[in-house]
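Chains, contacts and geometry: an overview
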Amino acid sequence: MSEIGDELETRVRDLIVRRLKLEIPPDEIQLEAPLFGEGLGLDSIDALELVVGLEQEFSIEIPDADVGKKVFASVRSIAEYVRQSQVERG
Amino acid sequence: MQPDPSDPTRWLPHRKPFLFLDRIASVVPGREATAWKRIVDSECRGVATWPRAYLVEMMAQTSAILLFSEEEGRRGRMGVLAAVPALSFRRSARPGETVVATARLEKRWGDLARFNVAAHVEGELAAEGALVLAAREGVT
């Protein structure tokens, strides 16, 4: 993984902790662990807060909950979606 | 006779004393809504100012107008307050003053919607922040 890729995962974890006011250090969030249900146990209200945060932080769009289901599988999948969106944006 | 779009009861199931909007000033469906209310003595019941929690409910009711504004009607649904991600207060409203609440839809997510809201009292910022409403079925 390139340094730029690691930095994105770090920024995503920081954003999750900041937007959801979690009381854990960002690096405790495992990159491949599920964010919803098990894992961090986030819910749909948390998902909406994350969507708004990600869209503002990275200037991307997450159009609906169907896309969101795939994007929010893990920190890694969020970072991949951000990367892909930014490439498509050019 | 066509329903009056400035009448809040056209948009919401709430009725007094739980309806906190006198008139709807404007609605841009799916985007923005503005409503106002004049505070009367009887609503303060001996307290010098209108409770700030009522400002939150007023902004929530203004937001709820936008939930179904792009459809044919509520069809028995209503918005319920699900989260308050951010909120700050600057001043209170007093009897005789008019409060103007504005709500801008920021994002829809399934049955949830996030709004940027503000309330102004006599032109001064009284409260601002973000609210999340959930659309619920089978109410009235």
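Residues numbered from 1 in each chain as written. Chains lettered and ligands numbered in written order. Predicted model: local features only at pLDDT ≥ 70, side-chain atom pairs only at ≥ 80, totals over all residues. Heavy atoms only, no water.

Quick look at empty space enclosed by the protein
Residue and element names in this part refer to chain B. Which entries qualify depends on this criterion: The definitions used throughout rest on a 1 Å grid laid over the protein atoms alone, on which a cavity is an enclosed set of points accommodating a 1.4 Å probe that cannot get out and a pocket is an open set flanked by protein within 12 Å on both sides along at least five of seven lines; lining residues are those having an atom within 4 Å of a point. Grid points are joined across faces, edges and corners, and a volume is the space filled by probe spheres set on the points. Under this grouping Gly is polar, as are all residues other than the nonpolar Ala, Val, Leu, Ile, Met, Phe, Trp, Tyr, Cys and Pro and the charged Asp, Glu, Lys and Arg.
Per the stated rule, a full pass over the model turns up one cavity of 30 Å³ or more. When its volume is computed, the largest cavity comes out at roughly 30 Å³. Around the largest cavity, the lining residues are Trp-11, Leu-12, Pro-13, His-14, Ala-64, Phe-68, Arg-74, Met-78 and Gly-79. Taken together, the residues of the lining of the largest cavity break down into six nonpolar, two polar and one charged.

Concerning the pairing of strand S1 (residues 23–28) of chain B
Residues and elements named next belong to chain B. To keep things clear, this is the line we draw: Should DSSP find at least two bridges between two strands, the strands are regarded as paired. Secondary structure elements follow DSSP: runs of H or I no shorter than four residues count as helices, runs of E no shorter than two count as strands, and numbering proceeds from the N terminus.
Summarising the sheet, S1 and strand S2 (residues 32–38) pair through five bridges and their orientation is antiparallel. Looking at the pairing, Ser-26 lines up with Thr-34 of S2. Here S1 hands over to S2 after three residues, with Gly-30 in that stretch at a positive phi of 75°.

Looking at the pairing of strand S4 (residues 98–109) of chain B
Residues and elements named next belong to chain B. In this sheet, S4 lies alongside S2 in antiparallel orientation, the contact comprising seven bridges. For Ala-35, the partnering residue across the bridge sits in S4 and is Ala-101. Bridging between S4 and strand S5 (residues 112–121) involves 10 bridges; their strand directions are antiparallel. From the neighbouring strand, Val-100 faces S5, where its bridge partner is His-120. Adjacent in sequence and paired antiparallel, S4 and S5 are bridged by two residues, among which Gly-110 carries a positive phi angle near 60°.

Describing the environment of Pro-5 of chain B
All names here are of chain B. The criterion, for reference: Three exposure classes are used, based on accessible area relative to the maximum for each residue type with a 1.4 Å probe and protein chains only: buried under 20%, partly exposed in between, and exposed over 50%. The contact criterion used throughout is that any non-hydrogen atoms of two residues lie within 4.5 Å.
Tracing the sequence through the fold places Pro-5 in the segment before S1. Taking relative accessible area as the criterion, Pro-5 reaches 48% and is therefore assigned partly exposed. Pro-5 sits 117 residues away from Glu-122 along the chain, and the two C-alpha atoms are 24 Å apart. Residues within four places of Pro-5 in sequence aside, it is in contact with Arg-10, Trp-11 and Ile-24.

Some thoughts on the interface of chain B and chain A
Defined as follows: Put simply, buried area is how much 1.4 Å-probe accessible surface two parts lose in total, over both of them, once they are put together. Salt bridges are identified by distance alone: a Lys or Arg side-chain nitrogen within 4 Å of an Asp or Glu carboxyl oxygen. Under this definition, polar contacts are N or O atom pairs within 3.5 Å; protein pairs additionally need one hydrogen-donor-capable and one acceptor-capable atom, and for neighbouring residues in sequence, both atoms have to be side-chain atoms.
Taken together, the contact between chain B and chain A spans 11 residues of the former and 18 residues of the latter. Here chain B and chain A share an interface that buries about 1,000 Å² over both sides, 67% of which is from carbon and sulfur atoms. The largest per-residue losses of area from chain B upon contact with chain A belong to Lys-107, Trp-109 and Arg-114 of chain B, which jointly make up 61% of the total buried on that side. Applying the counting criterion to the chain B and chain A interface returns two salt bridges. Between Glu-55 of chain A and Lys-107 of chain B there is a salt bridge; the shortest N-O distance is 2.6 Å. Linking chain B with chain A are four residue pairs in polar contact (both at pLDDT 80 or more), by the criterion used here. Mapped onto the side of chain B that touches chain A, the elements with two or more residues apiece are strand S3 (78–89), S4 and S5 of chain B.

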